[in-house]
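So you can see what is in the structure, the chains are spelled out below.
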Amino acid sequence: MFKVSVRLDDLPLRNDLRGLTPYGAPQAPLPVALNVNENTHPVPEEVADDILDSIARALREVNRYPDREFTSLREGFADYLGHGLAADHIWAANGSNEVLQHLLQAFGGPGRTAFGFAPTYSMYPLLTRATGAAYVNGTRGVDYALTPEDAAAQVDRAQPDIVFLCAPNNPTGTPLGLDVIEAVYDAAPGMVIVDEAYQEFAPRDSRSALALLPDRPRLVVSRTMSKAFAFAGARVGYLAADPAVIDALRLVRLPYHLSALTQAAATAALRHAPAMLAMVDDIVAQRDRISATLDALGYQPFESWTNFVLFSGVEDPASTWQALYDRGVLIRDVGIAHSLRVTAGTAEESTAFLDALAALGPGGGRG
Ligand SMILES: *Cc1c(COP(=O)(O)O)cnc(C)c1O
């Protein structure tokens, strides 16, 4: 038997990685899993068939390396995003986490700094530190909102090489106005990354930061197929930016980083974008029902333009999380005092969560 003989601390690990904790949202096989903001609706049957056909065709040539430039897929994303974008404005990778990693490899790294407004996506500091850069936390105002003046002043003080703007913000759900993005861009000396992972769940008439891309070569807008597109398991994220930014990312990606099977699956799914996104309205309706019911139960849900709701008024988040877990409902303790986050699922899943929470009594019970 191969026996573990050393601990992590005993290995000649990079000093700047010592003491860090890996990303670790629990993956428990519970009946109702509403903890990582997936689309809980499966890919529609007729779309799944077409994706399978595409994967089968790609498999016949899998002895060859895939198209390193994933041209068809980039054309598909450009079409989907609109805003006058073409394939040379598009980049993609295995999840938007890898897209963000490519950005940090190209524009971050040792001696550099990335900045985000806390609380925000927990992967920003982890990805930043893994490239050897430092991460600086900014702050948010009332209800986690940002104003153009305050956000720009914080960025001006920090002078970061990279700013992350999560729009709308995870884990709070907070919308972000284009005026804030413009002000931060003008104040920032370096790259400004707008992470629009949840943009499809925002009101139909809300504007994407894609509208700001012309004449802003340091602006990047990242998206993912993991949330609205019900494609989390396929690992496909993408971004739009000036073609020079795309050239920078070519310097750091691994050759052939997007497998032929991934390219085939994502390109096929994009051909069916309306069907893939058909459940978004239903999810938004569940989100709003969850917020209204939480309010009626005496909690304080925060405004959300995403597929999840952060709510406060929880006396002891850890024990409420555990009590829900014991009832087969998995949600997320994001480490914000007296608060928990729940993903909007199907009507049945959302009801299961709300019923289980109601059963715990006011404030989520006392554990
Ligand atoms: C879920 C999420 C992502 C997506 O990650 P993938 O790697 O594409 O699955 C990116 N940013 C934020 C803020 C998210 O919540």
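Because the structure is predicted, anything quoted here is derived from the model rather than measured.

Asker: Quick one: what's the story with the pattern of salt bridges, residue by residue and with numbers?
Answerer: Taken as a whole and judged by the stated rule, the model has 12 salt bridges. For the salt bridge of E196 with R223, the shortest nitrogen-to-oxygen distance reads 2.9 Å. Placement of the pair is E196 in the loop between β6 (191-195) and β7 (219-224) and R223 in strand β7, with a sequence separation of 27 residues. Each member of the pair E196 and R223 is classed as buried. The shortest N-O distance in the salt bridge between D288 and R287 comes to 3.0 Å. Of the residues examined, D288 reaches a relative accessible area of 39% and is grouped as partly exposed. Members of the salt-bridge network, linked through shared partners, are E69, R74, D247, R250 and R253.

Asker: Now, about the domain arrangement of the chain: what can you tell me, with residues and values included?
Answerer: When the domains of the chain are assigned, the result is domain 1 (24-41 + 279-364) and domain 2 (45-272). Listed as interface residues are 21 residues of domain 1 and, on the opposing side, 23 residues of domain 2. Area buried by domain 1 at its contact with domain 2 is led by V280, F302 and W305, which between them contribute 34% of it. The tally of links between domain 1 and domain 2 comes to one salt bridge. For the salt bridge of R204 with D281, the shortest nitrogen-to-oxygen distance reads 2.9 Å. Counting the contacts that link domain 1 with domain 2 gives seven residue pairs in polar contact (both at pLDDT 80 or more). Broken down by secondary-structure element, the contributors of at least two residues to the side of domain 1 that touches domain 2 are α10 (280-296) and β10 (308-312). For the side of domain 1 that touches domain 2, the element with the most residues is α10, which contributes five residues. Residue composition of the side of domain 1 that touches domain 2, by class: 10 nonpolar, six polar and five charged.

Asker: Please give an account of helix α7 (residues 243-250) that cites residues and values.
Answerer: Regarding α7, the residues found buried are V245, I246, A248 and L249. With its buried residues spanning 155° around the axis, α7 presents them on a single face. Contacts made by the buried residues of α7 are with β2 (90-93), α3 (96-107), β6, β7 and β8 (237-241).

Asker: Quick one: what's the story with the nonpolar core, residue by residue and with numbers?
Answerer: L103, M225, F231, F311, I331 and F353 are the most contacted members of the largest nonpolar core, which has 108 residues in total. When residues in this core are grouped by element, the largest group, seven residues, is from helix α6 (residues 178-187). Contacts of F353, omitting those with residues within four sequence positions, involve L34, I290, L294, F311, L324, V329, I331 and V342.

Asker: Which residues make up the sheet that holds strand β3 (residues 113-117), and what values do they have?
Answerer: Spatial ordering of the open sheet is given by β2-β8-β7-β6-β5-β3-β4, a layout of seven strands whose pairing is mixed. Every other strand in the sheet has two partners, leaving β2 and β4 (134-138) as the edge strands with one partner each. Across the sheet, the mean angle separating the axes of adjacent strands is 25° when strand polarity is ignored.

Asker: Help me get a handle on a negative patch on the surface, residues and values and all.
Answerer: A cluster of acidic residues, E45, E46, D49 and D53, forms a negative patch on the protein surface. Note on placement: D53 falls in helix α1 (residues 45-59).

Asker: Got a sec to walk through the site of the ligand? Specific residues and values, please.
Answerer: In the neighbourhood of the ligand, 13 residues make up the surrounding shell, with S96, Y198, T224, S226 and K227 lying closest. With respect to the ligand, the side chain of Y198 contributes an N or O atom lying 2.6 Å from an oxygen atom. When the ligand is considered free in solution it has 390 Å² of accessible area, and contact with the protein chains removes 94% of it. Looking at the shell around the ligand residue by residue, the class counts come to four nonpolar, six polar and three charged.

Quick notes on the rules
- Residues numbered from 1 in each chain as written.
- Predicted model: local features only at pLDDT ≥ 70, side-chain atom pairs only at ≥ 80, totals over all residues.
- Heavy atoms only, no water.
- Salt bridge = Lys/Arg side-chain N within 4 Å of Asp/Glu carboxyl O.
- Helix = DSSP H or I, 4+ residues; strand = E, 2+ residues; numbered from the N terminus.
- Buried < 20%, exposed > 50% of the residue type's maximum accessible area, 1.4 Å probe, protein only.
- Domains from an automatic or database assignment.
- Contact = heavy atoms within 4.5 Å.
- Buried area = accessible area lost by both parts, 1.4 Å probe.
- Polar contact = N/O pair within 3.5 Å; in protein donor to acceptor, adjacent residues only side chain to side chain.
- Nonpolar A, V, L, I, M, F, W, Y, C, P; charged D, E, K, R; others polar.
- Arc of directions from axis to C-beta.
- Core = buried A, V, L, I, M, F, W, Y, C linked by side-chain atoms within 4.5 Å.
- Pairing = 2+ DSSP bridges.
- Axes fitted to C-alpha atoms, helices over the stretch in contact; angles between N-to-C directions.
- Patch = residues over 30% accessible without salt bridge, like charges linked within 9 Å, V, L, I, M, F, W, Y side chains within 5 Å.
- Areas by Shrake-Rupley, 256 points an atom, 1.4 Å probe, with all protein chains shown as cover.
- Lys, Arg positive; Asp, Glu negative; His and termini not counted.
- Charge placed at Lys NZ, Arg CZ, Asp CG, Glu CD.
- Near = heavy atom within 4 Å.

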